[in-house]
Amino acid sequence: MQVHPKGIRARVLLTSVFGPYAQDDEFGSRAINPMELYHNQVTRAQGGFSLRMFHRSWGIMMIQQNISAPCTVLDFPTRDDFAHELETNSYDVVGISSIIVNLGKVREMCRMVRELSPHSTIVVGGHVAATPGLDQMINADHIVRGEGISWMRQYLGEDPEAPIRHPHIVSGLETRIMGMKLAERKGGTAATIIPSVGCPMGCNFCTTSAFFGGKGKFVNFYNTGDQLFEVMEQAEKSLGVQTFFVMDENFLLHRTRAMRLLDRMKQAGKAWGMAVFASANAIRQYKMEELVELGVSWIWMGLESPRSNYAKLKNTDSHQLTRELREHGIRVQGSTIIGLEHHTPDNIKDEIEYAVAHNTDFHQFMLYTPVPGTPLYKEMSEQGRMLDGIDYADIHGQYKFNFRHAAISRDDSKRFLDWAFWRDFERNGPSLARMCDTMLQGWLRYKDYPDWRVRERFRRENLKLRTVYSAALWAAERYFLKVNTQVSEQIRQLRHDIAKEFGSVSRVVASVAGPVLLRTMRREERRLAKGVTYEPPTIRERRNWPDRSQSQAGERDTGLLGTAASLPALESN
Ligand code: B12
Ligand code: SF4
């Protein structure tokens, strides 16, 4: 590969695509596609109960941490921020990170670089690189497919195989729920750890798996439990965390690594908690007690239809598995695809009912979407079933089909998707309450467990059950009283069970803080009805920067360290 003439002396800018995001615009922002995980694709039908939170662009943070060149990461810039950064810093290399949906923004950013910083080399990476014919659509010098750390190191003349340094990443920012913005404090939010990219299961629709090699392949940054333990211990020290969001598409699949990590945690007396992604077949490799001892407190799991034949769900009763996980205090985030090949207008409602009956703590629904680079895209293209003229900005799985389905129309795809979110909320109530239910079940089962690390983790996680969550449940019970009596009754029962276990503290807090939360909740719903949306803050961080006052610790546009909330993946201590 050609090496940049300045090598590690080249000044590098790594940027995410520009915002604002949660609005319709000519560059491909869509109101329906905000830069929020939960509100975009999980709790979007839950009104003021929806969990609002932002996540940094971890890919470029990883690259920055692993090159020796002076490097700025610019996250969530506006167009003006991006222009200003280009004009004031004379970058040799401008790296733009994007997924396919934001292709229009990449095109515009390349145009801006050519205009404002014509000497810069433009490198485009991330999932957008899988778009067929991308080189004809944007004006870039390099388009990088797959893993980017090794590419960038090589481009700057460094050793691509050198060990990976992990940045210290606070997993979530600016959390809000029920109209309350949660306080940010050091150690209050989980640290993100990225052990690998890709997944060897190779499900036909899976873009992450395809992008990093497909079936049987993935890229491991840390092969062993020992390496992982060290990375986590460093994050513990630097961020003051006890909880980790493990961003690995199928963390539990690698049992040897996970069990070695558990050994190390036991030896060192670590009562860490961990949120992971894992397929059902991977979870089945463990006894529940092993998961609990490992600190697994939250699992994101695919719950595709039993008629879909995905290997990961073979021989698994997913209803029973979900129930069992929750009984052991492990919150479950289900993920269900709407519009699989066998779905028809006649069976789709039953399939959605089946998904919703899992009664997971959180449930993501996504449309079956052939995305460039995946086996599904290849298959649909070969069959001539990809629809022409669909804007890439609308291919994000939360709008309408981008292909001709055998039985379901494009417009109906959106109707069924929306119905799935609505039905899950109607039947199971707010995720916040379901999560409290799981936490209580875990506490009751494990509060006297022989391993003190487990007792300590449940104690720590459940502190909020007796205080702020009791108040939230009080408000939720009142909120649903007139609109959904069944949900209101479920919440009332849960609140009483909590009070029975934790005594008068929870009752007092609920009756004092509950009415306040009910008011903030109602105010939030009024704001949302008026069309208020949320945007992530712009963040600028420099590393190896010649001006030492701006280096390493990062020059931040906002003071963001440590968002609070003991919420799902991004849980506080
Ligand atoms: C965190 C995340 C988000 C965050 C975004 C945070 C952010 N700041 O951008 C949130 C939750 C908001 C989000 C939203 C969406 N997301 Co998302 N998200 C992820 C997730 C789970 C992790 C990304 C990550 O950090 N991975 C770890 C890092 C290390 O990997 P990486 O980003 O791929 O980076 C590596 C390479 O790609 C490359 N690279 C990346 N950037 C660059 C730049 C340069 C210059 C170079 C050289 C290399 C390079 O090097 C990195 C290291 O190897 C991925 C799934 C996954 N496991 O990756 C989906 C994923 C990226 N998201 C996806 C989608 C579809 C979406 C949504 C459209 C979905 C939706 N409807 O909600 C929205 C879009 C929102 C928007 N307006 O843009 C798809 C992308 C599909 C595609 N082919 O484009 C993915 C792959 C999930 C999936 N399997 O479908 N997402
Ligand atoms: S198991 Fe999940 S992450 Fe792995 S290929 Fe299938 S859908 Fe993708």
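Chains are numbered independently. Their residues run from 1 in the order of the written sequence. Working convention: letters from A go to chains and numbers from 1 go to ligands, in the order in which they are written. Totals for whole chains, interfaces and linings use every residue, but because this is a predicted model, local features are given only for residues with pLDDT of at least 70 and side-chain atom pairs only at 80 or more, for both listing and counting. As a rule here, side-chain values come from all non-hydrogen atoms in the structure, and water together with hydrogens is ignored.

Enquirer: Which residues make up the pattern of salt bridges, and what are the values?
Expert: Salt bridge criterion: a side-chain nitrogen from Lys or Arg within 4 Å of a carboxyl oxygen from Asp or Glu. One pass over the structure, following the stated rule, counts 43 salt bridges. Put simply, R257 and D248 hold a salt bridge, and the shortest N to O gap is 2.9 Å. Across this residue pair, the class does not change: R257 and D248 are buried. Among the ionic pairs, D263 bridges to R260, the shortest N-O distance being 3.9 Å. Here R260 and D263 lie together in helix α9 (residues 255-268), a separation of 3 residues that amounts to about one turn. Residue classification places R260 among the partly exposed positions, given a relative accessible area of 30%. Among the ionic contacts, a cluster of salt bridges with common partners joins D226, E230, R260, D263 and R264. Remark: exposure states derive from per-residue accessible area (1.4 Å probe, protein chains only) relative to the maximum for the residue type, with buried under 20%, exposed over 50%, and partly exposed in between. The helix and strand labels rest on DSSP assignments: H or I over at least four residues marks a helix, E over at least two residues marks a strand, and numbering proceeds from the N terminus.

Enquirer: I'd like a description of the sheet that holds strand β16 (residues 331-338), backed by residues and values.
Expert: One requirement defines pairing of two strands: DSSP has to find at least two bridges between them. Pairing within the open sheet is mixed, and its 7 strands lie in the order β7-β10-β13-β14-β15-β16-β17. Whereas interior strands pair on both sides, the edge strands pair on one side only; in this sheet they are β7 (169-170) and β17 (362-367). Its contacts with the sheet place helix α12 (residues 318-327) against β15 (296-302) and β16, and it is angled at close to 165° to β15. Whether two residues are in contact is decided by their heavy atoms: any pair within 4.5 Å suffices. Here the axes come from fitting lines to C-alpha atoms, over the contacting stretch only for helices, and the angles between their N-to-C directions go from 0 to 180 degrees. Across the sheet, helix α17 (residues 452-462) lies against β13 (243-246), β14 (273-277), β15 and β16, angled at about 80° from β15, the strand it touches most.

Enquirer: For the nonpolar core, give the residues involved together with the corresponding values.
Expert: With 114 residues, the main nonpolar core has F251, L252, L294, I299 and L325 as its most contacted residues. In terms of residue count, helix α18 (residues 468-480) provides more of this core than any other element does, 9 residues in total. Those residues in contact with L294, other than ones at most four positions away along the chain, are F251, L252, A258, L261, L262, M265, W272 and M274. In these notes, a set of buried Ala, Val, Leu, Ile, Met, Phe, Trp, Tyr and Cys residues joined through side-chain atoms within 4.5 Å is what counts as a nonpolar core.

Enquirer: Describe the packing of aromatic side chains, and please don't skip the residues or the numbers.
Expert: Working definition: an aromatic ring pair is given by the centre-to-centre distance plus the angle between the planes. Two aromatic rings from Phe, Tyr or Trp, using only the six-membered ring of Trp, form a pair when their centres are within 6.5 Å; if the ring planes differ by under 30 degrees the pair is stacked, by over 60 it is edge-to-face, and anything between is tilted. Under the criterion given, the structure shown has 24 aromatic pairs. Ring centres of W298 and W300 lie 5.9 Å apart, and the angle between their planes is 70°; this geometry places the pair in the edge-to-face category. Each member of the pair, W298 as well as W300, carries the same accessibility label: buried. With 5.8 Å between their ring centres and 70° between their planes, F425 and F480 make a pair best called edge-to-face. With a gap of 55 residues between them, F425 in helix α15 (residues 410-428) and F480 in helix α18 connect regions that are remote in the sequence. The same class applies to F425 and to F480, which are both buried. Geometrically, a charge over a ring is one whose NZ (Lys) or CZ (Arg) sits within 6 Å of the ring centre while staying within 35 degrees of the ring normal. Taking the ring centre of W419 as reference, the NZ or CZ of K349 above it sits at 4.8 Å.

Enquirer: Explain the site of ligand 1 to me, and be specific about the residues and the numbers.
Expert: If even one non-hydrogen atom of a residue comes within 4 Å of a molecule or strand, that residue is called near it. Close to ligand 1 lie 39 residues, the nearest being Q41, S57, S97, E147 and T208. Each polar contact in these results corresponds to two N or O atoms within 3.5 Å; when the atoms are within protein, one needs to be able to donate a hydrogen and the other to accept it, and residues that are neighboring in sequence are counted only if both atoms are side-chain atoms. Within the contact set of ligand 1, a nitrogen atom lies 3.0 Å away from a backbone nitrogen or oxygen of H55. Separating a nitrogen atom of ligand 1 from a side-chain N or O atom of S97 is a distance of 2.7 Å. For the shell around ligand 1, the secondary-structure elements that each account for two or more residues are α1 (37-41), α2 (58-65), β4 (93-97), β5 (121-125) and α7 (207-211). Residues are grouped as follows: Ala, Val, Leu, Ile, Met, Phe, Trp, Tyr, Cys and Pro are nonpolar; Asp, Glu, Lys and Arg are charged; all remaining types, including Gly, are polar. Within the shell around ligand 1, the residues separate by chemical class into 17 nonpolar, 18 polar and 4 charged.

Enquirer: Outline the side chain of S488, listing residues and values.
Expert: If you trace the backbone, S488 turns up in helix α19 (residues 485-502). Its relative accessible area of 3% is what places S488 among the buried residues. A polar side-chain atom of S488 sits 2.8 Å from the main-chain carbonyl oxygen of E477. Ignoring anything within four residues of it in the chain, the contact list for S488 reads E477, F480 and L481.

Enquirer: An account of the environment of S431 is needed here, citing residue identities and associated values.
Expert: Inspection of the secondary structure puts S431 in helix α16 (residues 431-446). Given a relative accessible area of 3%, S431 falls into the buried group. Here the alpha-carbon distance between S431 and E236, two residues 195 residues apart in the chain, equals 28 Å. Sequence-distant contacts of S431, defined by excluding residues within four places in its chain, comprise T43, Q46, D361 and F362.

Enquirer: Would you mind going over a positive patch on the surface in detail, with residue names and values included?
Expert: Note that patches include only residues with greater than 30% relative accessible area and no salt bridge, and the join distances are 9 Å for like charges and 5 Å for nonpolar side chains (Val, Leu, Ile, Met, Phe, Trp, Tyr). For the area figures, the Shrake-Rupley method with a 1.4 Å probe applies, and any residue is considered shielded solely by the protein chains shown. This count recognises Lys and Arg as positive and Asp and Glu as negative, with His and chain-terminal groups excluded. One atom stands in for each charge, and that atom is NZ of Lys, CZ of Arg, CG of Asp or CD of Glu. Taken together, the side chains of K482, R522, R523, R526 and K530 present a region of like positive charge at the surface. Classification of R522 as partly exposed rests on a relative accessible area of 37%.

Enquirer: Could you give an account of the pairing of β15, with specific residues and numbers?
Expert: Of all 7 residues in β15, 7 are buried; the element is thus mostly enclosed. The pairing of β14 with β15 spans 4 bridges and is classified as parallel. Note that in β15 the partner of A275 across the bridge is W298. Two strands pair when backbone bridges link them, and β15 and β16 are joined in this way by 5 bridges, in the parallel orientation. If you follow W298 over to β16, its bridge partner there is R331.

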